[in-house]
Amino acid sequence: MMSEQRKSQSILISGESGAGKTETTKIVMLYLTTLGSGSEEVKEENGKLSVMERVLQSNPILEAFGNAKTLRNDNSSRFGKFIELGFNRAGMLQGAKVQTYLLEKVRIGYHGSGERNYHIFYQLLRGATKEQHTKYAFHDGLTGGLELANFFHLTGQGGAPQLREFTDEEGLKYTIKSMRSMGWDEEKIDHVLSIVAGILHLGQVKFESKMSDGGQEVATISDEKVVSDASKLLGVDLEKLKTALTVRIMVTRGDEIHIDLSPDKAADSRDALAKTVYGALFLWVVKQVNNCIMWENDGDIRSSSGVLDIFGFESFAVNSFEQLCINFTNEALQQQFNKFIFKLEQEEYERESISWAFIEFPDNQDCLDTIQARPKGILAMLDDECKLGQRGSDRNWAKRLNEIYLPEKNQVVSDNTRYSSTKMQQAKGIFCVRHFAGNVEYTAETNFLEKNRDEIPLTAKSLFEQDSSDLIKEIYAVQKDQSEEKSDDKPGKPAKQKTVSQQFKAQLQSLIDMIEKTDPHYIRCLKPNDAAKPMLMTRKRLTEQLRYGGVLEAVRVARMGYPVRLDHEGFFKRYRMLLPSVSDEKLPWSLEDGNPQELCVKFLDIVLEEGAKPVSYENADGTISRANQIRKAQKQPDPMVFPKSDVQFGQTKVFMRKGPHDRLESHRVFHQNASITLIQSWIRMLQQERRYLIIEDATQTVQRWYRGCMGRARWWRLREAQASQLLTNSFRMQIHRRKYSRARLGTVRLQAQFRGRAVRKEVAATKIQANRRMYVNRKAFTQLKSAIIALQCCQRRGAAKLVLDQFKKDQKNVGKLKDHNEKLKMEMASLRAMLQAQAASDAGKAESEKAIKEKQDEIDLLKARIAEVESDLAAEKENVKKLENDLNVQKQNYQQLERDLQFQKERALQAPSSPTPGFQRKGSGGHERKPSSGTSQAAPPSPVTVGATVTPEALAAHRAEVARLEEQLEEERRMMRMARTEIKNLRAVAAKGGIASDGTASTAIISDNISEISGSELDRSEIPDPNEVDSQIRGDKMEDIRSQVSDYFPMIRRGGDDKESDGAPEVATVGWKHEIGSRKEREQSLRDEVRVYENKIRRSYTWLEEGVDVTVWQLNASNEVGVNSTTGQDFVVKSSSMHLKLVPRGDLLVQSVLTFNSTGGYLSKALGRRRDKAAHEPLPLNDILEIRAGCVGFDHANLPSASSKKGKTKIKSENMQSGLFLTIKATPTPMAASRSYFLRLKARSTRNDLLGSLRGVLADLQVKEGISVSHIQTPAAAQHARRMPGAAHKNAGNPFMSNRDDVMVPLSDVHDLINRERESYDRLLLTMLQGGPDLKDKEDELLTLRGKLHQSMAESAEKDKTQANDSKLIMQLSKKLESLLMENEDLRDNNDRLNQRLIQVECEKMNQN
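Residues numbered from 1 in each chain as written. Predicted model: local features only at pLDDT ≥ 70, side-chain atom pairs only at ≥ 80, totals over all residues. Heavy atoms only, no water.

Things to note about the overall build of the chain
Just so we agree on the cut-off: A helix here means a DSSP run of H or I that spans at least four residues, while a strand means a run of E at least two residues long, and both kinds are numbered starting from the N terminus. Each residue is assigned to one of three classes by its accessible area relative to the maximum for its type, calculated with a 1.4 Å probe on protein chains only: buried under 20%, partly exposed between the two thresholds, exposed over 50%. For this analysis, residues touch if any pair of their heavy atoms sits within 4.5 Å. In this description, accessible areas are obtained by the Shrake-Rupley approach with a 1.4 Å probe, and a residue is regarded as covered only by the protein chains that are shown.
Of the regular secondary structure elements, the chain holds 38 helices and 28 strands. Out of the 1409 residues belonging to the chain, those deemed buried represent 42%. Counted over contacts in the chain with a minimum sequence separation of 6, partners at least 24 positions apart contribute 71%. As presented, the chain carries roughly 79200 Å² of accessible surface, and 53% of it is formed by carbon and sulfur atoms.

Next up, the structure:
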């Protein structure tokens, strides 16, 4: 390449991260060094590596210190480098020189997730030996189980991932090997690794906050050992290192001012110091590499070959100073690339003697001027802003840019269209630059000034220049030489600090000058996909990279001229086939005997002449050849008609534009397809002929085989016919035998079933008769027992009402709470006025403002809490008033029920004292029984006769029956006393908190206090069947039977009978403020109230099935051992708007569930549509343990919202109202020890309706599942009672209990009413027990608020005492503040004058420069 012209070459490799620039650079360097080494041995005579090996061995060192893992590339170069290889006159490699550009030092302090810092840090941490761990203070035991790479701050921010291609352990060995190849001794290698370890320890320094004497927050080092290790490894003084980390030095007019840094500023100073040390170390490493591979004498270098590995065009979501420099570099290289491409085009056209016009190519000089031109360039104005020192800022710099490039009021694009910024972007400090690859937005407020200054702090200068190791001084000297600009005019004048943009522009200009002096060659690396996968290519990504790399622009420039170029011979051979009908005499097929250029011109003329003629495929005789038939059947190409000027013939090449080239190529493809089709047709004919012969031979073979098979099949069918005849006979015989056997077996089984059915029918009839007799007796006893227990229910209901009355009285003692609230309001008003006066006097002090704000927040919090307490108090008063009214109604009902019970007792007591009835028989026409009217006189009973007389035996039997009934009455009294005792026990349990911990009624307590009445105690077998009596007795006989039976046993009826009452009708008040005139009206009133209550329950079911909108939180408590109750809680559902419905899933209530459905969005609600999609798993009714009002178990104000993160809770205004919440506690699951559902409704009334409905449903569930609080046996339960074996009949010989057809006790109608009353009583008692904890919680809450009010009042009184002293202090402070304000105004005026003077001095310096 260089041997012909002896001219220096340059190879420019570009592309985005991960496209393979680094690997391409290695391949190119290996190729060039291999060519330049010739037959040179690997090692020279003194054992030193050859130049080629040293140059190649420099790559691992530069990659270790300058490459890092990014999201796109595991080995991304975070700097640009230009490697210049020097060759002598013989073309032998003499050495190399490396120049670097713009190291990404920001990565030292921060790198993103999934990325890594520079490779050398991870190689040292993971590949160091045990001895190096001790030397570099890598204490594995102090990391808490973390890997060292994850433990250190500078390496663990992105997770410290491993590389895919190689490990860090191998990388450290390879890096140290390369250092030794460069000639570095072990001491130098150890010093370099010590500095790297010192930078790691420097990143571990943490700061604590403390208050200085002046009241400012200053930083102190939390761990002195870490700083000691860092200073030891870096080789600097410990005290000066501490000073550099915690103190900032400012020089004003020769005086140093020491300013203590805050913890945040100290952390920034730590990162800046680490970036300074590493940047200096990188420059020193590059310098040492150059010293090892640099050629010795410049006179020996005849030519050079440079390889540029530069970063490609970058455009991210947020672009900063680094992206501006990188894109500026690509702009400069793109301009050089365009000029070079145009120059090559021009030279080739002149060399070939082609007539051509000027080709317009894109010129981006205006974009370069916008970035670098002085004094209005972006970088130039950035340097000017940096000269202002502390007065300069990114915002001011962006404002100046907008004023320069957008001077008009509504202008958003500059005059040269390269700079633009909308009003919204200007407000955010964003400006856009239109590069050759596209528009890029730059955010000014991303530390442009700080990154451009990149100045070394004065504390760092003092740290590195004094009391430091020789290596640190040498490293710092390299950094100082590059960053400072020395003045030749005044040797004593201190050197000026160069900005990063000035350094970068100088390096870039040097690079451009070097490239222009050489013959450049360009390599564009393209990244096929972003997933780093093989055999995968993304077309869009390739197009973007081609556009960013300028390849598309280069192609466009080339296409504006003559992009298609072929030599004469290639052109003629390629396109001669387009004229097959032209004879060889007119246009030869070979170039052997003619001038190639003339033959090409002649070919073009013939082509244009033939293209103008109409196409005809017929011969002179009208026939068409096979080839022309194929051409005619194909799609015809466009005619070969184009301007002759579009094809130019040079000295050695033919130049064509795209149009003629496309026409020639289309006709060439057309003729090739025709020829190929003709050849394919002949080949297919031969293939078909061969296939036909093969098929014919195979067909004959198959026919012969088929005829043989047919003959053998016929002989086989004859044998099968003979065998089938024998088989058919045998099969028929088996069928008939099987039919006979089945018929015989069926007959035997039918006879056995008929006989067994007859026997079983007789036995079943006997059992039915026995069960029927047992049922009749049991039903009579059950009716009797249910009537007695109904009276017990009334007594227990009264006891329950007394318990409820006691609960309500306990809630009434809140009278003084309102007075306390009024007093507290007055105290807060006076406190607010005092605080406002104090805030007005302390306006100049930040501490006073902070105190006022804290007190004001406290007042607002108390005010809100008081308002909430007042609202709760009003609600509770309304509830208490309502409950009092209900209690009065219940008291009236209870009094009426007591009167009914007393009436039943009197009738029971009168029954034994009634005279023994007598019986008289009428004539032969029948008999009529009439009860003899008797009184309580001591007259001897008349004898009992059967017919005309009553025998003494019958009279004795009647007396025994009366005695037995008296014993039963005493037993019923005893049961009544037990019921009253049960009610007292329930009242004591409710008063002492005898409610189950889960909030539901403790049925175990109720069940244990009442003994079940065993079925063996009473005999029910001899009670007559009412249906049988009905079938035998009609008309007046029924009245006689009832009257006779009432003499033996008291009738139990619902309501009263006016005929039986002796005096005036009893007037009783039965609740609900109804005046009852008779017992019948009282019964009717009770029935009406029962129906009202049942209708209310049914409406609540309908309301629950329709559903209600709620906001749901679900809190699950962890069931893991050792987990804290607070930290183990997890909200599965957070503030989710759902539709709560009761959905039955069967005939039983226990099968019903509460579903949580999605409520839909705003549009669905506006359109009236509701989505029935389940938003959460349903909650079965049998899983509910407790339903409570309010937010039980968690503070309602701290409930998380749906978008809140863990540890952060956003309090909504709705969550502050506890009266809107409802808590449902459910059974535990294997994943949660407890489950709580917090429901927030839109109104308090809706909450109360939902609370009452759910509690009513739970009460119904418990009643219907068999939980009987009153322990009244229903008739269904009484039917299953059994007598003990061998028990004697207690009612034997009782004429009333005998199977007489003329005796009946009409109690069947009473049982249904008693059962409904029992269920109503059970439901009321269960609902009351569920609401008991709510009242107790409200009472505790009111008592707590009362204590807080007393405490607030005490604190307010204490504050009043100190108010006088505070007022005096405020007056003194206000006077002192006035004097300080006057002094501050004087100091401010002096400061303004000094600032104006400094600005004048800086402007004079800028003008001089």
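Some words on the packing of helix α10 (residues 224–234) against helix α11 (residues 238–246)
Defined as follows: In this analysis, axes come from line fits to C-alpha atoms, helices being fitted only over the stretch in contact, and the angle between any two N-to-C directions falls in the range 0 to 180 degrees. Should an angle fall under 35 degrees it is called roughly parallel, over 145 degrees roughly antiparallel, and 65 to 115 degrees roughly perpendicular, with every other angle called oblique. With the far helix as reference, a near helix turned anticlockwise by less than a right angle produces a left-handed crossing, and one turned clockwise produces a right-handed crossing. Three categories are distinguished: nonpolar for Ala, Val, Leu, Ile, Met, Phe, Trp, Tyr, Cys and Pro, charged for Asp, Glu, Lys and Arg, and polar for the others, with Gly belonging to the last.
Direction vectors running N to C along α10 and α11 enclose 115°, while the axes themselves pass 9 Å from each other. On the basis of the axis angle, α10 is roughly perpendicular to α11. The interaxial crossing formed by α10 with α11 has right-handed handedness. Judged by residue contacts, Glu224, Val227, Ser228, Ala230 and Ser231 of α10 engage Leu238, Leu241 and Lys242 from α11. Split by residue class, the contact of α10 with α11 holds four nonpolar, two polar and two charged.

Some details on the pattern of salt bridges
The cut-off we apply is this: Put simply, a salt bridge is a Lys or Arg side-chain nitrogen that is within 4 Å of an Asp or Glu carboxyl oxygen.
Throughout the structure, instances matching the rule amount to 34 salt bridges. Here Asp74 makes a salt bridge to Arg164, at a shortest N to O gap of 2.9 Å. Placement of the pair is Asp74 in the loop between β2 (67–68) and β3 (76–77) and Arg164 in the loop between α7 (153–156) and α8 (168–181), with a sequence separation of 90 residues. In this structure, Lys658 engages Asp662 in a salt bridge whose closest nitrogen and oxygen atoms are separated by 2.7 Å. Of this pair, Lys658 and Asp662 are both found in helix α27 (residues 658–810), four residues apart, which corresponds to roughly one turn of the helix. With relative accessibility at 42%, the residue Lys658 sits in the partly exposed group. Residue Asp662 is classed as partly exposed on the basis of its relative accessible area of 36%. Each of Arg78, Glu104, Arg107 and Glu115 takes part in one network of salt bridges that share partners.

Focus: a nonpolar patch on the surface
Formally: Distance thresholds for patches are 9 Å for like charges and 5 Å for nonpolar side chains (Val, Leu, Ile, Met, Phe, Trp, Tyr), applied to residues having over 30% relative accessible area and no salt bridge.
A grouping of Trp682, Met685 and Leu686 is seen on the molecular surface, where their side chains present a nonpolar patch of about 340 Å² in accessible area. Position of Trp682 among the secondary structure elements: in helix α27. With a relative accessible area of 54%, Trp682 lands in the exposed category.

Examining unusual backbone geometry
Cis geometry marks the peptide bond from Arg374 to Pro375, where omega comes out at 5°. With respect to the element layout, Pro375 can be found in the loop between α14 (365–372) and α15 (378–387). Although it is not a glycine, Met535 sits at a positive phi angle of roughly 55°. Among the structural elements, Met535 can be located in the loop between β16 (519–524) and α22 (539–548). Within the chain, Ser1135 stands out as a residue other than glycine whose phi angle is a positive 45°. A relative accessible area of 13% means that Ser1135 is categorised as buried.

Describing the sheet that holds strand β12 (residues 430–435)
Note the cut-off: One bridge is not enough; two strands pair if DSSP finds at least two bridges between them.
Spatially, the three strands line up as an open sheet ordered β11-β12-β13, and their pairing is antiparallel. Only two strands of the sheet have a single partner each, and these edge strands are β11 (419–420) and β13 (438–443). Judged from the two bridges that link them, β11 and β12 form a sheet pairing that is antiparallel. Within the sheet, the bridge partner assigned to Ser420 lies in β12 and is Cys432.

A short note on a negative patch on the surface
Spelled out, the test is: Residues scored as positive are Lys and Arg, those scored as negative are Asp and Glu, and His as well as the terminal groups of each chain are ignored. Here the site of a charge means NZ on Lys, CZ on Arg, CG on Asp, or CD on Glu.
Residues Glu217, Asp264, Asp268 and Glu450 make up a contiguous surface patch of negative charge. With respect to the element layout, Asp264 can be found in helix α12 (residues 263–293). A residue is classified by how much of its surface remains accessible, and Asp264, at 62% relative accessible area, is exposed.

Considerations on the confidence of the model for the chain
Filter applied, for reference: Predictor confidence is given residue by residue as pLDDT, running from a minimum of 0 to a maximum of 100.
Of the residues in the chain, 72% have a pLDDT of 70 or more, and the chain-wide mean is 75. pLDDT under 50 marks residues 990–1074. Its contacts with residues more than four places away, or in other chains, come to 186 contacts. Every residue in residues 1121–1125 scores below 50 in pLDDT, and together they form two contacts with partners more than four places removed in sequence or on other chains.

Here's the deal with the side chain of Arg576
Cut-off, in case you're wondering: Counting of polar contacts relies on pairs of N or O atoms within 3.5 Å, with two restrictions inside protein: one atom must be capable of donating a hydrogen and the other of accepting it, and residues adjacent in sequence are counted only when both atoms are side-chain atoms.
Of note, Arg576 is situated in the loop between α24 (568–575) and α25 (596–612). No salt bridge is formed by the buried Arg576; the nearest opposite charge belongs to Asp584, separated by 5.4 Å. Reaching out from Arg576, the side chain makes a polar contact with the backbone oxygen of Leu579 at a distance of 2.8 Å. Here Arg576 is in contact with Val582, Ser583, Leu587, Pro588, Trp589 and Phe603, once residues within four sequence places are set aside.

Quick notes on the pairing of β13
For a regular strand, side chains alternate in direction, first toward one face of the sheet and then toward the other. By the bridge criterion, six bridges tie β12 to β13 in an arrangement that is antiparallel. Its bridge partner lying in β13, Ile430 is registered against Thr443. In this structure, the hairpin formed by β12 and β13 is closed by a connection of two residues.

What about helix α26 (residues 626–633)?
Test applied: What the arc measures is the spread of directions leading from the helix axis to the C-beta atoms.
When we look at burial in α26, the residues that qualify are Asn628, Ile630 and Arg631. Along the axis of α26, the buried positions cluster into a sector of 155°, meaning they face one direction only. In α26, the exposed positions angled more than 90 degrees off the buried face are occupied by Lys632 and Ala633.

Section: the sheet that holds strand β19 (residues 653–656)
The antiparallel open sheet is built from three strands, whose spatial order is β17-β19-β18. Bordering the open sheet on either side are β17 (564–567) and β18 (647–649), each of which pairs with just one other strand. Between one strand axis and the next, the sheet turns through 20° on average, direction left out of account. Pairing of β17 with β19, which is carried by four bridges, proceeds in the antiparallel orientation. Within β19, the residue paired with Val564 across the bridge is Met656. Along the sheet, α24 makes contact with β17, β18 and β19, crossing β17 at roughly 95°.

Description of the nonpolar core
Condition: Among buried residues, the Ala, Val, Leu, Ile, Met, Phe, Trp, Tyr and Cys ones that are joined through side-chain atoms within 4.5 Å form a nonpolar core.
Formed by 91 residues in total, the largest nonpolar core has its most connected members in Phe65 and Phe121. For this core, the element with the highest residue contribution is α12, accounting for 15 residues. What Phe121 contacts, discounting residues up to four positions off in sequence, is Ile108, Thr155, Val196, Ile199, Leu200 and Tyr278. By size, the runner-up hydrophobic cluster in this structure holds 44 residues, among which are Leu102, Phe328, Leu449 and Val500.

A short note on the environment of Thr25
Tracing the backbone shows Thr25 in helix α1 (residues 21–37). Judged by its relative accessible area of 1%, Thr25 is buried. If sequence neighbours within four positions are ignored, Thr25 has contacts with Ile13, Ile83, Val307 and Asp309. Of the polar contacts made by the side chain of Thr25, one reaches the backbone oxygen of Lys21; its length is 2.8 Å.

Focus on a positive patch on the surface
Where like charges cluster on the molecular surface, the positive patch consists of Lys882, Lys1096, Arg1098 and Arg1099. Locating Arg1099 in the fold gives a position in helix α34 (residues 1079–1106). Given a relative accessible area of 54%, Arg1099 falls into the exposed group.

Details of the side chain of Asp383
Within the secondary structure, Asp383 sits in helix α15. At 4.2 Å, Lys505 is the nearest oppositely charged side chain to Asp383, a buried residue that forms no salt bridge. Side chain to side chain, Asp383 and Asn452 meet in a polar contact 2.9 Å long. For Asp383, the side chain forms a polar contact with the side chain of Thr499, separated by 3.0 Å. Apart from the residues within four sequence positions on either side, Asp383 is in contact with Asn452, Thr499, Ser501, Gln502 and Lys505.

Let's talk about α12
Turn by turn, an α-helix covers 3.6 residues, leaving residues three or four places apart pointing in a common direction. Our working rule: Here the expected span of a helix is defined as 1.5 Å times the quantity of residues minus one.
The terminal C-alpha atoms of α12 lie 45 Å apart, and with 31 residues this matches the ideal 45 Å at 1.5 Å per residue to within 8%. Burial of α12 is extensive: 23 of the 31 residues sit out of reach of the surface.

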